[in-house]
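Chain residues, written in single-letter form:
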Amino acid sequence: MSKIKNILFIMADQLRWDHLSCYGHPHLETPNVDGLAKRGVRFDRAYVQSPVCGPSRASCYTGRTVFSHGATWNRVPLPIGELTLGDYLRPVGVRTAVVGKTHMIPDAEGMARLGLNQDTEIGMIVSEPGFEPYERDDGLHPTPLLKRKGDNLAYNDWLKSKGYVGENPWNDYANAAEGPDGEVLSGWYLRNSKLPARVREEHSETVYMTNRALEFMEESGDRPWCLHLSYIKPHWPYMAPAPYHNMYGSNTFLPVQRDPSEKVDPNPVYGAFMDMEVSRSFSEPETRETVMPAYMGLIKQIDDQLGRVFAYLEETGKADETMIVFTSDHGDYLGDHWMGEKELFHEVSVRVPLIISDPRSAADSTRGTVSDALVEAIDLVPTFLEATGAPLADHRLEGASLMPLLSGETPKNWRQSVFSEIDYAFYQARNTLKVGVDDARGYMIRTDRWKYVHFKGFPPQLFDLLNDPDEFHDLGRSAEHQEVRADLKEILFDRLIDRKNRTTMSKEGVAVLRRDEDEIGILIGKW
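None of these values were measured; they are calculated from a predicted model.

Cut-off values and rules
Every chain begins its residue count from 1, and numbering advances along the sequence as written. Per-residue local features are limited, in this predicted model, to residues with pLDDT of at least 70; the limit for side-chain atom pairs, both in listing and counting, is 80 or more; totals at the level of whole chains, interfaces and linings are taken over all residues. The side-chain figures draw on all heavy atoms in the structure; neither hydrogens nor water molecules are used. Like-charged residues are merged into a patch within 9 Å and nonpolar side chains (Val, Leu, Ile, Met, Phe, Trp, Tyr) within 5 Å, provided each residue has over 30% relative accessible area and no salt bridge. Accessible surface area values rest on a Shrake-Rupley calculation with a 1.4 Å probe, where residue burial reflects the displayed protein chains alone. Whenever a carboxyl oxygen of Asp or Glu lies within 4 Å of a side-chain nitrogen of Lys or Arg, that contact is scored as a salt bridge. Three labels apply to residues, based on accessible area from a 1.4 Å probe with only protein chains included: buried if under 20% of the type maximum, exposed if over 50%, partly exposed otherwise in between. Numbering of helices and strands runs from the N terminus, with a helix taken as a DSSP run of H or I at least four residues long and a strand as a DSSP run of E at least two residues long. Under the convention used here, Asp and Glu are negative, Lys and Arg are positive, and both His and the chain ends fall outside the count. Charge positions come from single atoms, namely NZ of Lys, CZ of Arg, CG of Asp or CD of Glu. For two strands to count as paired, DSSP must find a minimum of two bridges between them. Angles shown run from 0 to 180 degrees and are taken between the N-to-C directions of axes, each axis being a line fitted to C-alpha atoms and, for helices, limited to the stretch in contact. The contact rule is simple, with two residues in contact once any of their heavy atoms fall within 4.5 Å. Put simply, angles under 35 degrees are roughly parallel, angles over 145 are roughly antiparallel, angles from 65 to 115 are roughly perpendicular, and the rest are oblique. Gly counts as polar in this scheme, as do all residues outside two lists: the nonpolar Ala, Val, Leu, Ile, Met, Phe, Trp, Tyr, Cys and Pro, and the charged Asp, Glu, Lys and Arg. In this analysis, rings of Phe, Tyr and Trp, with Trp reduced to its six-membered ring, are considered paired at centre separations within 6.5 Å, and the interplanar angle assigns stacked below 30 degrees, edge-to-face beyond 60, and tilted for intermediate values. Buriedness of a pocket was judged along seven lines, with at least five required to meet protein on both sides within 12 Å; pockets are open sets of points on a 1 Å grid over the protein atoms alone, cavities are sets where a 1.4 Å probe fits but cannot get out, and lining residues have an atom within 4 Å of a point. Grid points are joined across faces, edges and corners, and a volume is the space filled by probe spheres set on the points.

Asks: I would appreciate a short explanation of a nonpolar patch on the surface in the present structure.
Replies: Taken together, the side chains of Ile520, Ile522 and Ile524 define a hydrophobic patch exposed on the protein surface, amounting to about 310 Å² of accessible area. Residue isoleucine 522 is classed as partly exposed on the basis of its relative accessible area of 41%.

So, in structure tokens, the structure goes:
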């Protein structure tokens, strides 16, 4: 088999790289993901383009960095002209669909300008973006938002058919617990995370999405497909169904990674993020003790459900023709570095698991191996294109195909650093810092040894990952490291000017256009 027929692109939302047993977690056993790693390559140093759901996913889908594609935050639309995975794969006959989350919203202004609406096939594909929405569900449906959007949530309809009453079972059952007097305890409040969700395990979001993924694969028959199975969990609300809600106690948690010195004269941007409510909440020991069992249980449930998916592929013979990719869109601080959520550039936030299993014999030599190559989320699209034989579009794509690494080859001039960025205009931290909307930007360069973070208008951060792997000691203002910072800033500058902006013409097109001038009589500078 010279080409891959199917791609199963699995993403767990807000999954830390170190919360899988194949990545070294001593207590959270994930045998199905581990089994995938034994059948493929586990990338040990994979990084997202932005540690925020929307922009990270937009980069995964476009193969382009965040300020190149423009979807810099969760509710910033991807411009209508940006091509995504489906736009590349559909022309070569690959059905490209999503089950679960994309966190993308339509470019309504762009669609209106072109006279498109979501009721048409092209309007639907453009607004999704590029995916057939087989079961599109971003997993964020509090009742006020559901009413405002007027969504007809398929998962809610399914729950109602199972006997769950009320206008929003997602909110009141799947992401809520029950108090001693029968009261509904919302999963939006962290204090309730240790309680079991009111929904039965077999009716939870993770199981439902797995069911729908299996239905898609069965329905597709022999037609080539790329399915983005995008699990909503372990992203908040941190609410797990029984028995997953209390499988893990405090003796199974990874030690918290934080040091009092981090709070002494911190970098101003880091200090502003530490001061946000979510960070102050997760800095309390009680919060971490309450949330961690649910977070770990939700991961365990995903692994169990992936066992169903992998078994189906084996039973139907599709395993021999399907590339499987497992990753995350970003991590979760969970109290590390005195932080909650994600957003900044510590390893627990910006580093993700990435496992790829290529069924072809060309990948036999790398099965069960670990790659320490520095890879980025934008490498996925060019990998998928090369795997399926689709045109590579290197005038638009900013990542590099991982196919050589899967075949045991060492590409020449492979990158020596990874890049990530954030638009923090939408956070309270910007107001705290009194920064303008266009100035709330941060950029990361991570090499084998160093991590350099540039914040516009503020001192940088610098971490020596060789001598300070926990990233406790910020050398961003150290006089002794001025030359190191200058070198890394130059690497950052080179990366920023290396973005692809001539997206409507290939490299071959440039050469043809230049040669064409003499032929059509445009004569420049001739005597």
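There's plenty left to go through after this.
Asks: Explanation requested: unusual backbone geometry in the structure shown.
Replies: A cis amide bond links lysine 233 to the next residue, proline 234, at an omega of 10°. With respect to the helices and strands, the residue proline 234 is situated in the loop between β7 (225–231) and α11 (268–274). Going from alanine 242 to proline 243, the amide bond is cis rather than trans, its omega being 5°. Looking at the element boundaries, proline 243 is found in the loop between β7 and α11.

Asks: Is there a simple way to think about the pattern of salt bridges in this case?
Replies: Counted by the stated rule, this structure contains 38 salt bridges. Between glutamate 376 and arginine 495 there is a salt bridge, with its nearest N and O atoms 2.7 Å apart. Residue glutamate 376 is located in strand β10 (residues 369–376), and its partner arginine 495 is located in helix α18 (residues 482–496); the two are separated by 119 residues in the primary sequence. The exposure classification of glutamate 376 matches that of arginine 495, with both residues buried. Of the charged contacts, one joins aspartate 379 and arginine 415 as a salt bridge, the two residues approaching to 2.8 Å between their closest N and O atoms. Remark: arginine 415 occurs in the loop between α16 (403–406) and β11 (417–423) and aspartate 379 occurs in the loop between β10 and α15 (380–388); sequence separation between them is 36 residues. Among the ionic contacts, a cluster of salt bridges with common partners joins Arg42, Asp44, Glu347, Arg351, Arg446, Lys451 and Glu471.

Asks: Sorry if this is basic, but what is going on with a negative patch on the surface here?
Replies: Among the surface-exposed residues, Glu483, Asp487, Glu490, Asp494 and Asp498 lie close enough to one another that they form a single negatively charged patch. Within the secondary structure, aspartate 487 is located in helix α18. Residue classification places aspartate 487 among the partly exposed residues on the basis of a relative accessible area of 46%.

Asks: I would appreciate a short explanation of the sheet that holds β7 in the present structure.
Replies: Adjacent strands of a sheet pair through backbone hydrogen bonds, lying either parallel or antiparallel. The 8 strands are arranged β4-β3-β7-β1-β8-β9-β2-β10 in an open sheet whose pairing can be described as mixed. Unpaired on one side and paired on the other, β4 (132–136) and β10 mark the two borders of the sheet. In this sheet, neighbouring strand axes are inclined to one another by 20° on average, regardless of whether the strands run parallel or antiparallel. Note: strand β3 (residues 95–100) against β4, 3 bridges, orientation parallel. Looking at β4, one finds that glycine 100 is bridged to arginine 136. Taken strand by strand, helix α10 (residues 205–220) contacts β3, β4 and β7, and its axis lies near 175° from that of β7.

Asks: Can you help me understand the side chain of threonine 210 in this one?
Replies: Note that threonine 210 resides in helix α10. Given a relative accessible area of 0%, threonine 210 falls into the buried group. Here threonine 210 is in contact with Tyr231, Gln305, Arg308 and Val309, once residues within four sequence places are set aside.

Asks: Please clarify how the packing of helix α1 (residues 31–39) against helix α13 (residues 285–316) should be interpreted in this entry.
Replies: Closest axis-to-axis distance for the α1/α13 pair is 7 Å, and the angle between their directions is 55°. Accordingly, the angle class assigned to the pair α1 and α13 is oblique. Contacts between α1 and α13 involve Pro31, Asn32, Val33, Leu36 and Arg39 from the first element and Lys300, Asp303, Asp304, Leu306, Gly307 and Phe310 from the second. Classifying every residue of the contact of α1 with α13 gives 5 nonpolar, 2 polar and 4 charged.

Asks: What exactly am I supposed to notice about the packing of aromatic side chains here?
Replies: Two numbers describe a pair of aromatic rings. These are the distance of the centres and the angle of the planes. Tallied over the entire structure, the rule returns 19 aromatic pairs. A centroid spacing of 5.4 Å and a plane angle of 65° characterise the contact between phenylalanine 9 and phenylalanine 384, whose relative ring orientation is edge-to-face. In this pair, phenylalanine 9 sits in strand β1 (residues 6–12) while phenylalanine 384 sits in helix α15, placing the two residues 375 residues apart along the sequence. Judged by relative accessible area, which is 0%, phenylalanine 9 ranks as buried. Aromatic pair tyrosine 61 and phenylalanine 131: ring centres 5.0 Å apart, planes at 85°, arrangement edge-to-face. Taken together, the residues span a long stretch of sequence, with tyrosine 61 in helix α2 (residues 53–62) and phenylalanine 131 in the loop between α6 (121–127) and β4 at a distance of 70 residues. Residue tyrosine 61 is classed as buried on the basis of its relative accessible area, which comes to 0%.

Asks: What should I look at first to understand the layout of surface pockets in this one?
Replies: Empty space among the atoms can be located by rolling a probe the size of a water molecule over them. By volume, the second largest pocket amounts to about 590 Å³. Lining the second largest pocket we find 23 residues, and of these Glu398, Gly399, Ala400, Arg415 and Asp498 sit closest to its centre. Those elements that place two or more of their residues in the lining of the second largest pocket are α15 and α18. When residues of the lining of the second largest pocket are assigned to their parent elements, the largest contribution, 3 residues, is made by α18. Here the residues of the lining of the second largest pocket are counted per class, giving 7 nonpolar, 5 polar and 11 charged.

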